Amino acid sequence: MKASAVRGHLDGLLLSVLESGPLHGYAVITAVQERSNGVLELRKGTIYPALNKLERLGLLRSVWESEGERRRRCYELTDAGRRSLAEERSVWKEFTTAIGSVLDPASAPGPKPAT
């Protein structure tokens, strides 16, 4: 899938994988890839700036953790992040319903278009 397909939805993807608990950056990348059955392959150069932005916005908080000699930053949702995720999901459902209604009018809810 083209990277451009994720544009505009990256924040929601990141918030969603962090909903179940704190993860470090590489685990976030892996979680997105696993949840999408390998369709979405996000790069470090995309993820880390987005995580930093979400932290600056107060949607995430992070702490440095050490594992052996390796230090890595772990990210987790804030209350504001949980509210933002709920809004992202609502917007996503509305968006996919609208697009689905145009691309496949036969399966759209409501009255069927005249043929």
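As the structure is a prediction and not an experimental result, all values here were calculated from the model.

### Brief notes about the packing of helix 1 (residues 10-18) against helix 4 (residues 79-103)
In the contact formed by helix 1 and helix 4, the axes pass within 9 Å of each other and the chain directions differ by 125°. Of the possible angle classes, the one that applies to helix 1 and helix 4 is oblique. Two packed elements cross with a definite hand, and for helix 1 against helix 4 that hand is left-handed. Between helix 1, through Asp11, Gly12, Leu15 and Ser16, and helix 4, the contact on the second element is made entirely by Gly81, Ser84, Leu85, Glu88 and Arg89.

### A closer look at helix 4
A turn of α-helix holds 3.6 residues, and therefore any two residues three or four places apart point the same way. Taking 1.5 Å as the rise per residue, helix 4 with 25 residues should run 36 Å; its terminal C-alpha atoms sit 36 Å apart, in good agreement. Buried residues of helix 4: Gly81, Ser84 and Leu85, and no others. Along its buried surface, helix 4 packs onto helix 1 and strand 3 (70-77).

### Quick look at the sheet that holds strand 1 (residues 23-24)
In space, the three strands of this open sheet follow the order 1-3-2, with antiparallel pairing throughout. Among the strands making up the open sheet, the edge pair consists of strand 1 and strand 2 (60-67). Pairing between strand 1 and strand 3: two bridges, direction antiparallel. The residue of strand 3 that forms the bridge with His24 is Cys74.

### Some words on a nonpolar patch on the surface
On the surface, Trp92, Phe95, Ile99 and Leu103 cluster together into a nonpolar patch covering about 430 Å² of accessible area. Its place among the elements puts Trp92 in helix 4.

Quick notes on the rules
- Along each chain, the written sequence defines residue order, and numbers are assigned to residues from 1.
- Selection of residues for local features in this predicted model requires a pLDDT of at least 70, selection of side-chain atom pairs for listing and counting requires 80 or more, and totals for whole chains, interfaces and linings are taken over all residues.
- Each side-chain value is worked out from all heavy atoms of the structure, with water and hydrogens disregarded.
- For every element, the axis is a line fit to its C-alpha atoms; helices are fit only across the contacting stretch, and the angle between N-to-C directions ranges from 0 to 180 degrees.
- Secondary structure elements follow DSSP: runs of H or I of four or more residues count as helices, runs of E of two or more count as strands, with numbering from the N terminus.
- Each angle gets one of four labels, with under 35 degrees taken as roughly parallel, over 145 as roughly antiparallel, 65 to 115 as roughly perpendicular, and the rest as oblique.
- The crossing is said to be left-handed when, going from far helix to near helix, the turn is anticlockwise and less than a right angle, and right-handed when the turn is clockwise.
- Any two residues whose heavy atoms approach within 4.5 Å are treated as being in contact.
- An expected span of 1.5 Å times one less than the residue number is assigned to each helix.
- Relative accessibility thresholds used throughout: buried, under 20% of the residue-type maximum; exposed, over 50%; partly exposed, between the two (1.4 Å probe, protein chains only).
- Pairing between two strands requires that DSSP report at least two bridges joining them.
- Only residues above 30% relative accessible area that lack a salt bridge enter a patch, with like-charged residues linked at up to 9 Å and the nonpolar side chains Val, Leu, Ile, Met, Phe, Trp and Tyr linked at up to 5 Å.
- Values of accessible area rely on a 1.4 Å probe in the Shrake-Rupley scheme; residue burial ignores everything except the protein chains shown.
- In the sections that follow, a salt bridge refers to a side-chain nitrogen of Lys or Arg positioned within 4 Å of a carboxyl oxygen of Asp or Glu.

Keep in mind these numbers describe shape, not what the thing actually does.
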